[in-house]
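This is what each chain is made of:
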Amino acid sequence: MKKQKICAMIPARAGSTRLKMKNLALIDGKPLISYVINAVKQSGIFDNIVINSENIIFKSIADRYGVEFYKRPEYLGSSTTKSDDVVLNFVQ
């Protein structure tokens, strides 16, 4: 039987309503999203890790931390977008 791969998808919106670009805000000299990436890596249970965003700026973060990047459609980057819609788009 073929072993299924487990993928971690990290959603990252560029347009936070209260704090713009909060996922890129530096904490101790590192972007906030890097702490999520490192925690997922350290868990050791995922075969691949993907940052999912409507903004291409997260591609450079993904490259820097050795994870994949998926650019979702712009319409899935609004503050009213449901997580289910982001996940469905990613899985499809």
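Going along each chain's sequence as written, the residues are numbered from 1 onward. Reporting in this predicted model follows two pLDDT cut-offs: at least 70 for local features of residues, and 80 or more for side-chain atom pairs to be given and counted; totals over whole chains, interfaces and linings ignore these cut-offs and use all residues. As a rule here, side-chain values come from all non-hydrogen atoms in the structure, and water together with hydrogens is ignored.

With that settled, the discussion passes to the nonpolar core. Think of a nonpolar core as a cluster: buried Ala, Val, Leu, Ile, Met, Phe, Trp, Tyr and Cys residues, connected wherever their side-chain atoms sit within 4.5 Å. The classification of residues rests on relative accessible area computed with a 1.4 Å probe and restricted to protein chains. Under 20% of the type maximum is buried, over 50% is exposed, and intermediate values are partly exposed. Formed by 16 residues in total, the largest nonpolar core has its most connected members in Ile33, Ile37, Ile51, Phe58 and Ile61. The helix and strand labels rest on DSSP assignments: H or I over at least four residues marks a helix, E over at least two residues marks a strand, and numbering proceeds from the N terminus. Counting residues per element, the ones that place at least two in this core are β1 (7-11), α1 (32-43), β4 (48-53) and α2 (57-64).

Here the focus is the packing of aromatic side chains. Geometrically, a pair of aromatic rings is defined through the distance of the ring centres and the angle of the planes. Stacked, tilted and edge-to-face pairs are distinguished by plane angle, under 30 degrees for stacked and over 60 for edge-to-face with tilted covering the rest, among Phe, Tyr and Trp rings (Trp via its six-membered ring) whose centres lie within 6.5 Å. Here the structure, examined in full by the defined rule, presents 1 aromatic pair. On the basis of an interplanar angle of 80° and a centroid distance of 5.5 Å, the ring pair of Tyr70 and Phe90 is categorised as edge-to-face. In this pair, Tyr70 is assigned in strand β5 (residues 68-71) and Phe90 in helix α3 (residues 83-91), connecting sequence segments 20 residues apart. Under the relative-accessibility criterion, Tyr70 is labelled partly exposed at 26%.

Summarising the element assignment, Asn23 is placed in the loop between β1 and β2 (26-27). Non-local contacts of Asn23, meaning those with residues more than four positions away in its chain, are made with Ala12, Arg13, Pro31, Leu32, Ile33 and Phe58. Residue contacts follow a heavy-atom distance rule, with two residues in contact if any of their heavy atoms lie within 4.5 Å.

Here we take up the pairing of β5. Side chains on a regular strand alternate between the two faces of the sheet. Pairing geometry for β4 and β5, over 4 bridges, is parallel. Bridging across to β5, Ser53 finds its partner in Lys71. In this description, strands pair whenever DSSP reports at least two bridges between them.

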